Amino acid sequence: MSMRNYFLAVVSFCMGLTACTSNQTQTTKDVENQQKEVSDVDKVWKDYFLGNIIFEDKAPQSEGSRIYHRLIPDPQSYIAAQARAVLNTLYWGPQDSIVPVNNLHYSLEDIEGISAKGGGNGEVTVFYSTRHVEKSFAGKDSAKVDFETRGVLYHELTHAYQLEPQGIGTYSTNKVFWAFIEGMADAVRVANGGFHGEADRPKGGNYDDGYRTTGYFLVWVRDHKDADFLRKFNRTALEVIPWSFEGAFKKIFGEECEIAAVWREYQIAVGDLKE
């Protein structure tokens, strides 16, 4: 190989390594700023209207209800604290274009399942199953119930405040739309410590599989490419129309970025794929 060809090969290799790298270089100061940001969540969001939080216990005689209230004596404050954490993960601050929530109806119900968000146009409902609370308390571990309740709340509250893709149909008609919604909700849960780290990370799959598979990937991108990635990714729902994962990554990292390459890099980094 000539020296000229060798030089071109080295340049091409280096370009491949940085194709999906943020223009920002993360420094020790950046890390310190992120830590300060976490501690300042209440200060940043304390005056933001979260919506009227309306709590209703529809199963007061259930064991799950009794466990819940022993652990969480003030549900409205508890829900509000998690809502601020979710907003801080999705947005830079109250000045952003945020989905408005007028009323947030949160209920405990004695039904099968875990939890689900419903409603829209400012009227949001979330139910949480008292049967699931009981199952979480099977080992008489209050910390486990709190961990699970908080994690589930991160997920459902993300659905209340997150932006939605445009130009590609709806949640029930388009897999990409669905994967964005559910993947982002689990990404917020991962980012806020709502899963058990590597133990809860699904192995393999694809970036558009939704839920934890997508969520863990998005948080990895945040941790290794751009500290503001989750906020930028959420905002692409306003900027990339019709929306796509590929289009979102190109919007954030540049036209040369290919999401398949980032996914492969992630899979190698976490040990799911051998080079």
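Structure: above.
Residues numbered from 1 in each chain as written. Predicted model: local features only at pLDDT ≥ 70, side-chain atom pairs only at ≥ 80, totals over all residues. Heavy atoms only, no water.

A. Looking closely at the overall build of the chain. Assigned secondary structure in the chain consists of 12 helices and 4 strands. Put simply, the chain has 275 residues, and 46% of those count as buried. Sequence separation of 24 or more characterises 64% of the internal contacts of the chain that already satisfy a separation of 6 or more. Counting every atom, the chain has about 14,000 Å² of accessible surface; 53% of that belongs to carbon and sulfur. (Helix = DSSP H or I, 4+ residues; strand = E, 2+ residues; numbered from the N terminus. Buried < 20%, exposed > 50% of the residue type's maximum accessible area, 1.4 Å probe, protein only. Contact = heavy atoms within 4.5 Å. Areas by Shrake-Rupley, 256 points an atom, 1.4 Å probe, with all protein chains shown as cover.)

B. Highlighting the state of the cysteines. Counting across every chain of the model gives 1 disulfide. Each disulfide pairs two cysteine sulfurs, and for C20 the partner residue is C257, the sulfurs being separated by 2.0 Å. One disulfide, between C20 and C257, carries an S-S torsion of 110° and so falls in the right-handed class. A residue pair is termed long-range when its members are at least 10 positions apart, and C20 in the loop between α1 (3-18) and α2 (28-39) and C257 in the loop between α11 (245-253) and α12 (259-269) qualify at 237 residues. Across this residue pair, the class does not change: C20 and C257 are buried. (Disulfide = S-S within 2.5 Å.)

C. Focus on the sheet that holds strand β1 (residues 52-57). Judged by pairing direction, the sheet is mixed, and its 4 strands sit side by side in the order β1-β2-β4-β3 without closing on themselves. Where the open sheet ends on each side, the last strands, each with one partner, are β1 and β3 (115-120). Put simply, the sheet's adjacent strands are angled 15° from each other on average, direction ignored. Where strand β2 (residues 103-109) lies against strand β4 (residues 123-129), 7 bridges are found, and the strand directions are parallel. Note on β4: the bridge partner recorded for L108 is Y128. Packing against the sheet, helix α5 (residues 75-90) makes contact with β1 and β2, and its axis sits at approximately 130° to β1. Contacting β2, β3 and β4, helix α7 (residues 142-161) crosses the sheet at an angle of about 20° to β3. (Pairing = 2+ DSSP bridges. Axes fitted to C-alpha atoms, helices over the stretch in contact; angles between N-to-C directions.)

D. View of the packing of helix α4 (residues 63-71) against α7. Running from amino to carboxyl end, α4 crosses α7 at an angle of 90°, the nearest separation of the two axes being 10 Å. It follows that α4 is roughly perpendicular to α7 by the angle criterion. Only S142, V145, D146 and T149 of α7 make contact with α4, whose side of the interface consists of I67, Y68 and L71. Considering only residue class, the contact of α4 with α7 consists of 4 nonpolar, 2 polar and 1 charged. (Parallel < 35°, antiparallel > 145°, perpendicular 65-115°, else oblique. Nonpolar A, V, L, I, M, F, W, Y, C, P; charged D, E, K, R; others polar.)

E. Fine view of the nonpolar core. Grouped together as the largest cluster of nonpolar side chains are 70 residues, with contacts concentrated most on Y106, Y161, F217, F229, F233 and F249. F233 has contacts with F180, M184, L218, W243, F245, A248, F249 and I252, leaving out every residue within four places of it along the chain. (Core = buried A, V, L, I, M, F, W, Y, C linked by side-chain atoms within 4.5 Å.)

These figures capture arrangement, not role.
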